[in-house]
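Chain by chain, the residues run as shown.
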Amino acid sequence: QVQLVESGGGLVQAGGSLRLSCAASGRTVSSYSMAWARQAPGKEREAVAAISWSGNTYYADSVKGRFTISRDNAKNTVYLQMNSLKPEDTAVYYCAAERSAGYTPVLDYDYWGQGTQVTVSS
């Protein structure tokens with residue numbers, strides 16, 4: 001079983017930056033696809049970014065050019081660098097992992113963290 005714990009959320013002004021971290025434990029996730037998703041109040045959960053074991057990345061159009069997903073396999077950790085934050089980025093951000101993700105949508109990933117709140121004020 002893989003456990004995922006997010007950290008780094010908080011309150012930031014529009015235009016500011018935050019870096020979220022997702023620490024995995026229980027198993028080595030270097031061969032897993034990893035992702036970030038978010039859910040705002042009253043909205044469905046949506047995929048934000050994903051990174052494969054080989055380093056291929058995906059970004060939602062709404063965050064492309066502002067967010068960067070990366071991984072440090074030595075630390076069994078995935079990051080989401082968020083720049084130029086907007087109020088519409090306010091949401092609970094979740095980390096997710098999937099062992100075989102070639103044809104798996106992010107929202108169907110096997111493992112999920114508890115989420116961390118990101119609030120962007122204007």
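Here's what I pulled together on the structure shown here.

What counts, and where the lines are drawn
- Residues numbered from 1 in each chain as written.
- Predicted model: local features only at pLDDT ≥ 70, side-chain atom pairs only at ≥ 80, totals over all residues.
- Heavy atoms only, no water.
- Buried < 20%, exposed > 50% of the residue type's maximum accessible area, 1.4 Å probe, protein only.
- Helix = DSSP H or I, 4+ residues; strand = E, 2+ residues; numbered from the N terminus.
- Pairing = 2+ DSSP bridges.
- Disulfide = S-S within 2.5 Å.
- Phe/Tyr/Trp six-rings, centres within 6.5 Å; stacked < 30°, edge-to-face > 60°.
- Lys NZ or Arg CZ within 6 Å of the ring centre and 35° of its normal.
- Contact = heavy atoms within 4.5 Å.
- Core = buried A, V, L, I, M, F, W, Y, C linked by side-chain atoms within 4.5 Å.

1. Structural notes on the pairing of strand S8 (residues 77–82)
Where burial is concerned, most of S8 is hidden: five out of the six residues are buried. Sheet analysis places strand S7 (residues 67–72) next to S8, joined by six bridges and oriented antiparallel. Looking at S8, one finds that arginine 71 is bridged to valine 78. From the end of S7 to the start of S8, which pair antiparallel, there are four residues, and asparagine 76 there has a positive phi angle of about 55 degrees.

2. What to know about the state of the cysteines
What we call a disulfide is simply a covalent bond connecting the sulfur atoms of a pair of cysteines. Overall, the coordinates contain one disulfide when judged by the stated rule. Here cysteine 22 is linked by a disulfide to cysteine 95, with a sulfur-sulfur distance of 2.0 Å. For the disulfide bridge between cysteine 22 and cysteine 95, the dihedral angle about the S-S bond is near -80 degrees, and by the sign convention the bridge is left-handed. Of the two residues, cysteine 22 is situated in strand S3 (residues 18–25) and cysteine 95 in strand S9 (residues 91–98); the sequence distance between them amounts to 73 residues. With a relative accessible area of 0%, cysteine 22 lands in the buried category.

3. With respect to the packing of aromatic side chains
Scanning the model with the defined rule gives one aromatic pair in all. With 6.5 Å between their ring centres and 45 degrees between their planes, tyrosine 32 and tyrosine 111 make a pair best called tilted. A residue pair is termed long-range when its members are at least 10 positions apart, and tyrosine 32 in the loop between S3 and strand S4 (33–39) and tyrosine 111 in strand S10 (residues 111–112) qualify at 79 residues. Its relative accessible area of 7% is what places tyrosine 32 among the buried residues. Positioned above the aromatic ring of tyrosine 94, the side-chain terminus of arginine 45 is 3.8 Å from the ring centre. Over the face of the ring belonging to tryptophan 112 we find arginine 45, whose NZ or CZ atom lies 5.1 Å from the ring centre.

4. Side note on the pairing of strand S5 (residues 46–51)
Counting buried residues in S5 gives five out of six residues, a clear majority hidden from the surface. Where S4 and S5 come together, five bridges link them in antiparallel fashion. What sits directly across from tryptophan 36, in S5, is alanine 49. Between S4 and S5, which pair antiparallel and follow one another directly, the connecting turn spans six residues, one of which, glycine 42, has a positive phi of 80 degrees.

5. Structural notes on the environment of tyrosine 109
One can find tyrosine 109 in the loop between S9 and S10. A residue is classified by how much of its surface remains accessible, and tyrosine 109, at 7% relative accessible area, is buried. Remark: the alpha-carbon pair of tyrosine 109 and cysteine 95, spanning 14 residues in sequence, is separated by 9.9 Å. Those residues within four positions of tyrosine 109 in sequence are excluded, and the remaining contacts are Ser33, Met34, Ala35, Ala50, Ala96, Ala97, Glu98, Ala101 and Thr104.

6. With respect to the nonpolar core
Core analysis: the biggest nonpolar cluster contains 31 residues, and Leu4, Met34, Trp36, Leu80, Met82 and Tyr93 have the highest contact counts within it. Mapped by element, the contributors of at least two residues to this core are S3, S4, S5, S7, S8, S9 and strand S11 (116–121). Beyond its immediate sequence surroundings of up to four residues, methionine 82 is in contact with Gly16, Ser17, Leu18, Leu20, Arg66, Phe67, Tyr93 and Val118.

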